[in-house]
Amino acid sequence: MKTPSPAPAMLLIAAGTLSACAGLDAPQQEATNPAYEARIAQLAGHPCNSHVAGAVEGAGVGPDEITELFYTRELDGTNDRVVRYTAWMRLAGQPGHLVVDADALTCRAMQIYTRGGAEVAGVSSF
């Protein structure tokens, strides 16, 4: 008896994943206003600063609203390689954080969201 190929199931899973992401816009990658890069650089020295600045500008948060910034990193469980950096920002007068997840190899901003009660119009909260 021939064992069915897993390929059709994998295609269905991939199609479902893509359709679930349809309509989500990627964060802005580059800041067009130098004030964003300047503020981010003032708060943290990190290779992903320029992409984080672009994501924040794209979300409509003013550079002067960012009061604190720090980065964490996520490691691959099999070889301890850094796979993602996460920028955590406090915003003036708000609880929680504005968060940008960035790819560790390219620093490409993958997503932007809020946590812990922070609110930014048009940005999802988790």
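Up top is the structure.
Residues numbered from 1 in each chain as written. Predicted model: local features only at pLDDT ≥ 70, side-chain atom pairs only at ≥ 80, totals over all residues. Heavy atoms only, no water.

Moving on, we get to the overall build of the protein. When you go through the protein residue by residue, the secondary structure sums to three helices and four strands. When burial is assessed residue by residue, the protein has 37% of its 126 residues classed as buried. Looking at the protein alone, contacts between residues at least 24 apart form 38% of all its contacts between residues at least 6 apart. Entry remark: accessible area of the protein is about 7,700 Å², with carbon and sulfur atoms responsible for 57%. (Helix = DSSP H or I, 4+ residues; strand = E, 2+ residues; numbered from the N terminus. Buried < 20%, exposed > 50% of the residue type's maximum accessible area, 1.4 Å probe, protein only. Contact = heavy atoms within 4.5 Å. Areas by Shrake-Rupley, 256 points an atom, 1.4 Å probe, with all protein chains shown as cover.)

Before going further, it helps to spend a moment on the sheet that holds strand β1 (residues 66-75). Pairing is antiparallel across the open sheet formed by four strands, whose spatial order is β1-β2-β3-β4. Edge positions in the sheet fall to β1 and β4 (109-115), since each of these pairs with one other strand and no more. Here the average twist between neighbouring strands, direction ignored, is 20 degrees. For strand β2 (residues 82-91) and strand β3 (residues 97-103), the ladder comprises six bridges, and the chain directions are antiparallel. Across the sheet, the residue bridging to T86 is D101, located in β3. Of the strands in this sheet, β1 and β2 are in contact with helix α2 (residues 34-43), which crosses β1 at around 70 degrees. Sheet strands in contact with helix α3 (residues 49-59) are β1, β2, β3 and β4, and its direction is about 55 degrees off that of β4. (Pairing = 2+ DSSP bridges. Axes fitted to C-alpha atoms, helices over the stretch in contact; angles between N-to-C directions.)

This paragraph deals with the state of the cysteines. Counting across every chain of the model gives one disulfide. Here C48 is linked by a disulfide to C107, with a sulfur-sulfur distance of 2.1 Å. As the torsion about the S-S bond is roughly -70 degrees, the C48-C107 disulfide counts as left-handed. Here the residue C48 occupies a position in the loop between α2 and α3, and C107 occupies one in the loop between β3 and β4, the gap between them amounting to 59 residues. Accessibility assignment for this pair places C48 and C107 in one class, buried. (Disulfide = S-S within 2.5 Å.)

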